[in-house]
Amino acid sequence: MASGPHPDAARPVTAPDFLLSRHTGSLRTQGSLRAFPDPADAALALRSGRCGLVVGAIGFEPDAPAALVEPDIVVRTDGPLEPPAYFRSLRTRARVVEELPSTEAHRRRVATAIAGIRAGGLDKVVLARAVRLLADDPIDPHAVCAALIDSSPSADGFLVDLSPAGGVHSGRILVGSSPELLVRRRGDVVECHPLAGSAPRSRDTSVDQAAGRALQASGKDAAEHAFVVDSLATALAPLCRDLQIPERPSLTSTREMWHLGTRIRGRVADPRTTALDLALAVHPTPAVCGTPTDEARRVIAGLEGRRGFYSGAVGWADAGGDGDWMVTIRCAEIDADRSGAIAWAGGGLVADSDPDDEVAETAAKLRTVLTALGAV
Ligand SMILES: C=C(O[C@@H]1C=C(C(=O)O)C=C[C@H]1O)C(=O)O
């Protein structure tokens, strides 16, 4: 990491062990009064008023331990977070030392999954790959998170100490900058902003604009997107009234990617349904899993193995029901000894997906977190 920390600024002692930065409002917390390895217990504690606030991360697999806590110290901010000068002054320098699996093996998995879709029984599946990184100097997770927030056009960023999940997760820190809102509740208003259908951006403005237009016109990407919107509509219908779902997705972007996104809005039918209840009801969407969900899960488990926290959800919910949950993508887990990290990226596959395009898409998605780790 660390070339020349800011000479006047010592490391803040109040560095949070959970943070979520969003342009609509942010949260930082420290400490843990109680941990919830089972998200259902956290949801129950919130609903019964035994707990005022829950923050943290839930995994992709339903039986994965969660890193959820009732925090001790809480600081809420209206807008996005402004990273402290100390963390901004640190430059992380990690390098990719291993592909998990190799790009060629991922391409073969993608081709296998597309063949499976064409054979029937599965409409969409999201396959991911990972890369392992090493750094010469210890990685400061807050410096990586500061870089993620600073390079996100909407100052999106998160950091979660995974220790509450126990076992191999102890001491590991999840950092990322997710553009995808799984679900948000404020008062009785519920919002989702699912993303699916992607294209890498380009430094060349005309190439970049053309890529965005092509994505908007792509039938393959519209189909990939529709599975996610349909799944959210079905999962939210029993929990919300006045659901408003635009007929067509619109184009949205990060620094690295174009995405198709749909802004879904509704009102909670029962005020006791918290943002965490809503997150657990819609997760995993076909933006990270597939359609039908169970078959997609089986294919992912067979080809990738267990994902853990990648493609889960990161966020918070309070006893009043409000909360924000982001899909855990564009992220990395930093090792407990801070010597390295592992980063993930995936993409949705449908019958007419192309393996080479899919490999390129994961490379482009990985750039968000690899840039913050100083690896590109
Ligand atoms: C799975 C990821 O991204 C998800 C998959 C997308 C797609 O397939 O087009 C787009 C945005 C995300 O919902 C990831 O970034 O790892």
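Under the annotation held in an unreviewed UniProt entry, the protein carries the name isochorismate synthase and is attributed to Dietzia cercidiphylli. Annotation of the protein in UniProt includes, under Sequence similarities (unreviewed entry), the sentence "Belongs to the isochorismate synthase family." According to UniProt, the comment filed for the protein under the heading Catalytic activity (unreviewed entry) is "chorismate = isochorismate".

A.B. asks: Please explain the packing of aromatic side chains as it appears in this structure.
C.D. replies: For any pair of aromatic rings, geometry is given as the distance between the ring centres together with the angle between the planes. Summed over the entire model, instances satisfying the criterion amount to 2 aromatic pairs. Note on Y310 and W344: the rings are 5.8 Å apart at their centroids and 5 degrees apart in plane angle, and the pair reads as stacked. In this pair, Y310 sits in the loop between α8 (293-303) and β19 (313-318) while W344 sits in strand β22 (residues 340-349), placing the two residues 34 residues apart along the sequence. Above the ring of F60, the side-chain terminus of R307 is found at 4.6 Å from the ring centroid.

A.B. asks: Even after reading the chapter, I still don't get the layout of surface pockets, so can you show me in this structure?
C.D. replies: The gaps left among the atoms become clear once a water-sized probe is rolled over them. Quantified by volume, the largest pocket comes out at close to 380 Å³. Listing elements by their share of the lining of the largest pocket, those giving two or more residues are α4 (141-151), β11 (181-186), β12 (189-193) and β15 (250-253). Residues that form the lining of the largest pocket fall into these classes: 4 nonpolar, 12 polar and 8 charged.

A.B. asks: What is the right way to read the UniProt feature "domain: Chorismate-utilising enzyme C-terminal" (unreviewed entry) in the protein from this model?
C.D. replies: As annotated by UniProt and renumbered to match this structure, "domain: Chorismate-utilising enzyme C-terminal" (unreviewed entry) occupies residues 104-365. Measuring from the first to the last C-alpha atom of residues 104-365 gives 17 Å, for a span that is 34% helix and 32% strand.

A.B. asks: Would you mind going over the sheet that holds strand β13 (residues 195-200) with me for this structure?
C.D. replies: One open sheet accounts for 3 strands, arranged β13-β16-β15; its pairing is antiparallel. Two strands lie at the open edges of the sheet, namely β13 and β15, each paired on one side alone. Averaged over all neighbouring strand pairs, the angle between strand axes comes to 30 degrees, with direction disregarded. Both β13 and strand β16 (residues 257-261) contribute to a ladder of 4 bridges, which runs antiparallel. Residue pairing across strands places S198 opposite H259, the latter belonging to β16. The sheet contacts of helix α5 (residues 205-217) involve β13, β15 and β16, and relative to β16 the element is tilted by about 25 degrees.

Cut-off values and rules
- Residues numbered from 1 in each chain as written.
- Predicted model: local features only at pLDDT ≥ 70, side-chain atom pairs only at ≥ 80, totals over all residues.
- Heavy atoms only, no water.
- UniProt positions renumbered as here; feature names shortened; annotations may be inferred.
- Phe/Tyr/Trp six-rings, centres within 6.5 Å; stacked < 30°, edge-to-face > 60°.
- Helix = DSSP H or I, 4+ residues; strand = E, 2+ residues; numbered from the N terminus.
- Lys NZ or Arg CZ within 6 Å of the ring centre and 35° of its normal.
- 1 Å grid on protein atoms, 1.4 Å probe; cavity = no way out; pocket = protein on both sides within 12 Å on 5 of 7 lines; lining within 4 Å.
- Points joined across faces, edges and corners; volume = space filled by probe spheres on them.
- Nonpolar A, V, L, I, M, F, W, Y, C, P; charged D, E, K, R; others polar.
- Pairing = 2+ DSSP bridges.
- Axes fitted to C-alpha atoms, helices over the stretch in contact; angles between N-to-C directions.
- Contact = heavy atoms within 4.5 Å.

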